[in-house]
Amino acid sequence: MRRARRTLAATATLAIACTTLTGCFEEPSPHDAVRDFLVGWQSGDYDLAAGRTDGDVAKVRKALADTKLELDAASFRFEIKGLSMTGEESKADFHAEVDLGENNPLWEYEGVLPLHLVDGVWKVRWSPSVLHPQLKEGQRFAVKSSPRARQPVTDRNNDSLQSDTVLYVAGVYPSQLDGQAESVVAKLSEATGYAQDRLLSRIRSSPPDDFVPLVTFGRARFPAVQAKLEAIKGIKVEAQPQPINPDPPRQIVGSVGALTPETEQELGGPQRAGDSVGRSGLQQAYQNYLTGSTQTKVITLDLKTGKQVAQLMEWPGRQNISVQTTIDRTIQQAAEQAVADSQASAMVAVQADTGEIRAVATKGMHQEKDALAGKYPAGTAFSIVAADALLKNNVSTKQRLACPQERTVGGAKFVHVGQMTGTTTSATFQEQFAKGCVTALASLARRVTAADLTESAKAFGLGQPWRLPLKSFSGGMPALSSDADKAKAIAGQNVEVSPLSMALVAAALSSGTWRPPVLVTNPTTPDPTAEVVPAAQPAPIPVDARIRKALTTMMRAGAAGTNAQAGKGKVYGVTATAGDQMTWFVGWQGDVAIAVLSKNYNAGAVAGGFFSALRNSP
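What counts, and at which threshold
- Residues numbered from 1 in each chain as written.
- Predicted model: local features only at pLDDT ≥ 70, side-chain atom pairs only at ≥ 80, totals over all residues.
- Heavy atoms only, no water.
- Pairing = 2+ DSSP bridges.
- Helix = DSSP H or I, 4+ residues; strand = E, 2+ residues; numbered from the N terminus.
- Axes fitted to C-alpha atoms, helices over the stretch in contact; angles between N-to-C directions.
- Contact = heavy atoms within 4.5 Å.
- Disulfide = S-S within 2.5 Å.
- Buried < 20%, exposed > 50% of the residue type's maximum accessible area, 1.4 Å probe, protein only.
- Parallel < 35°, antiparallel > 145°, perpendicular 65-115°, else oblique.
- Left-handed = near helix turned anticlockwise from the far one by under 90°.
- Nonpolar A, V, L, I, M, F, W, Y, C, P; charged D, E, K, R; others polar.
- Salt bridge = Lys/Arg side-chain N within 4 Å of Asp/Glu carboxyl O.
- Arc of directions from axis to C-beta.
- Polar contact = N/O pair within 3.5 Å; in protein donor to acceptor, adjacent residues only side chain to side chain.
- Core = buried A, V, L, I, M, F, W, Y, C linked by side-chain atoms within 4.5 Å.
- Phe/Tyr/Trp six-rings, centres within 6.5 Å; stacked < 30°, edge-to-face > 60°.

A. Here's a closer look at the sheet that holds strand β28 (residues 592-599). Spatially, β16-β15-β28-β27-β26 is the arrangement adopted by the five strands of the open sheet, whose pairing is antiparallel. Both outer strands of the open sheet, β16 (357-363) and β26 (572-577), are each paired with one neighbouring strand and no more. Across the sheet, the mean angle from the axis of one strand to that of its neighbour is 5°, orientation sign disregarded. With eight bridges connecting them, strand β15 (residues 344-351) and β28 associate as antiparallel partners. Bridge pairing in β28 links V350 to A593. Strands β15, β16, β27 (582-589) and β28 of the sheet are contacted by helix α19 (residues 499-511), whose axis makes an angle of about 145° with β28.

Take a look at the structure:
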C-alpha cells in the first residue's frame, strides 16, 4: 500500500529522548538547542529551528524549506542518538528518517549537529552539512527517478502479444522554465485536472537538466488537449512508443491506458505521470510486474552547473518483467477464424496433457467473462461426466434405451427436441449418448446414486478450487436429493459450467488425467509484493483406464460423420443442446482439447472450422 503522506508535529521519539537527556547536563545545556532545532525542522516551524542556529535566520529558514521541496519529502523524523560537550563546544548525533513519498522506502541517514556557546547561549553552528554530512556550500538536494518501460505480455514462445502504440508524455526541463514553474504548473493543472502541488513538487525535486514527465495521454485523448499544451510555454511533449496494443486474445491480454488524475489517486504506489496502467485482463492483473517500481536516487547537485556532485542513496526499485502465457499463436488464430462466422460463440482450447490454455476466442461474447468465467447450463454435454458414473455402475454401452419425444422421471419432464411427437426410437446407450437424446439419458437416473454423480463431477474438475489470474468458473452442481434431481443432472439441466471447465473435461479423457488450467507460466503469482503464498492448485486426477476406453469410443461415435470431423486425424466429442438456442461441442483432436458454446449456431460446425484451420496452419 502507498504510504500516506504525513504531517508530523514533534514526535514521541524526540519527546522521550529529550526527557531522558534533560537531566544529564548542567545549565547552560546544549540539549535545548538540539531539541528546538530538530523539532522545528521536523514540524515545519522553521523560525524555531533557525533561531537556534548562529546563521542568518532568513537564510537558514529558506534552506530548511528548500530541503523539503528539493526532496519532495512527505515528512521528516529525527531521533537524538547522543550528546557530548567539551568546554564551550558540543556535538549532537542524530538519526534521520525522510519519507520521500511515491511509495519509496524511507531514506535513513546519520547526521551531526555541531554546537557552540554564543553570548552564553548554545547555538547550532550553521552550515549545509547540518542538513546532511555530505551537503556543501553551493549545493542542493535532488531526487532522480528513472521509471522503466512497460514489459509485454507474451505467448508461450515468449513473443509479445502486443504491438507498439504511441503515448504522449507532457513534461518539462526545470532549467528552461526561467523561474516560472508555478505558472506553468497552474496552466497544466487547469488543462489536465492533475493536482497542482504534486506536479510542482516533482519539478522542484528533480535535477534541472532532466526531462520531468508530468502527464501522459493516449492517442484518443491527446488531440483534445494538444492545442492547450502547445500554448503553455515550457511544456514539452514526447511521443513514446510502448507495447500496449493487444493482439488476440485481446480481452485476455487486456487493455492499457495512460495514467489519469483519477487512477493516479486510486493506485498511489509507484505509478507516476508518464506511466501506463493496465485496465483489464492480464495487463491489470500483473500491473506491478509489468511496470516494476521506479529506480530512485537522492543526489546532490552543484547550483551553478546543475551537475551531480554525489549520490547519497539509491533504491534500485523492483525490476519489471514480462508475463509469459500459455497462448499459442497458431491455435489462437485457428480459434479466431472458427468463431468468426457465428453470431455468438465462445471457444477455449487447452493442451490435453498439461491443462495449459492455448486459445480463447469469442464472437459476440467476452473472452474472460464468458469463455473463462461464464456460468452456462451444461445441457447434454454433461452426459460425458454422467457416463463416467453410469459406466462405473456397470451400465453397458450396448444397453438399448428408448428415446421418446417426452419422458417424466421422478416428476421432472424431459423433452427431446427434434423427435416427432408420438414416436420412439431405440438405440444403444452409446448411440443415444452420441446423438444426445435427453429422454434416453434421463431414464438412467435410477442406475446411479447422487454420490456417484457428485464424485464423477469432482473427478472431472467441476467445482474444484483452481485459481487463475483472471476470473474463471470451474462449474457447479447442486445437492441431488431425488431421482428427478439426478435425471436433471444427467441431462445437464441443473449443472452450470464454463467453456473452460468443459475443455478440461475433454482434456481429461484425451490424456487420461484431469488437470487444473494454466494460463500464465511466469511469474507464478500476480502480486510481487504478496506476503501470503497462494494456495496450491488442485492435484491432477487420473481417469479410470477402463472407463476412459469406453468413453473414448463413445466420444468418437459422437463426432464421426458430423460437422466437427475435419482437419488432421480423428475427432472425438459430442455436440449437445443446452436450451435457449445454445449448443455445445466438447471434444478433442490430437493433443488439443476444446469446448465451444454457441448461440443460434451449430457448435459442432465451429469445432470443425477450428480443426480445419489447424490443418491448414503453416
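Additional details are given in the paragraphs that follow.
B. Summary view of the state of the cysteines. This structure, assessed with the given rule, holds one disulfide. Linked covalently through their sulfurs, C403 and C437 form a disulfide whose S-S length is 1.9 Å. Across the S-S bond of C403 and C437 the torsion is about 105°, and the bridge reads as right-handed. Taken as a pair, C403 in strand β18 (residues 400-404) and C437 in the loop between α15 (429-435) and α16 (438-442) lie far apart in primary sequence, 34 residues in all. The residues C403 and C437 share a single accessibility class, namely buried.

C. Representation of the sheet that holds strand β24 (residues 520-522) in the model. The sheet built from three strands is open, its strands ordered β6-β14-β24 with mixed pairing. Each end of this open sheet is capped by a strand with a single partner; those strands are β6 (153-154) and β24. By the bridge criterion, two bridges tie strand β14 (residues 323-325) to β24 in an arrangement that is antiparallel. Each residue of the ladder has a partner; that of Q324, found in β24, is N522.

D. The arrangement of the packing of helix α4 (residues 57-71) against helix α6 (residues 196-205) in detail. As a packed pair, α4 and α6 sit with axes 6 Å apart at the nearest point and diverge in direction by 100°. Regarding the angle of α4 to α6, the classification is roughly perpendicular. Listed contacts from α6 to L69, E70 and L71 of α4 are S201, R204 and S205.

E. Seen up close, the packing of helix α12 (residues 329-339) against helix α21 (residues 603-615). It is the contact of α12 with α21, at a shortest axis distance of 8 Å, that shows an interaxial angle of 140°. The pairing of α12 with α21 is recorded here as oblique in orientation. For the element pair α12 and α21, the recorded crossing hand is right-handed. The residues of α21 that touch α12, namely those facing T330, I331, A334, A335, Q337, A338 and V339, are V606, G609, F610, A613 and L614. For the contact of α12 with α21, the per-class residue count stands at nine nonpolar, three polar and no charged.

F. Seen up close, the pattern of salt bridges. Counted under the stated rule, the structure contains 18 salt bridges. The salt bridge involving R35 is made with D32; its shortest N-O contact spans 3.5 Å. Note that R35 and D32 are positioned in helix α2 (residues 31-43) at a spacing of three residues, about one turn of the helix. What makes R35 partly exposed here is its relative accessible area of 28%. According to the relative accessible area criterion, D32 is partly exposed, its value standing at 25%. In this structure, R446 engages D483 in a salt bridge whose closest nitrogen and oxygen atoms are separated by 3.2 Å.

G. Local environment of α12. Those residues of α12 that sit buried are I331, Q332, A334, A335, A338 and V339. Buried residues in α12, looked at end-on, bunch into an arc of 160°, giving them a common side. Opposite the buried face of α12, at more than 90 degrees from it, the exposed residues are Q333 and Q337. Lining the buried residues of α12 we find β15, β16, β28 and α21. The backbone nitrogen of T330 lies 2.9 Å from a side-chain oxygen of the residue at the head of α12, namely D328.

H. Up close: the nonpolar core. In this structure, I357, F429 and W584 are the most contacted members of the largest nonpolar core, which totals 90 residues. Top element by residues in this core is α19. It accounts for nine residues. The contact partners of F429, leaving out residues within four places of it in the chain, are A387, L390, L391, V395, S396, T397, Q399, L401, L441, L444 and M554. If you look at the next biggest cluster of nonpolar residues, it comprises 37 residues, including Y46, I80, V130 and V298.

I. Focus on the packing of aromatic side chains. Evaluated as defined, the whole model comprises 14 aromatic pairs. Relative to F78, the ring of W41 lies with its centre 4.5 Å away and its plane at 40°, an arrangement referred to as tilted. Placement of the pair is W41 in helix α2 and F78 in strand β1 (residues 75-86), with a sequence separation of 37 residues. Residue F78 is classed as buried on the basis of its relative accessible area, which comes to 1%. Through pairs of rings, three or more aromatic residues link up here, namely F37, W41, F76, F78 and F94.

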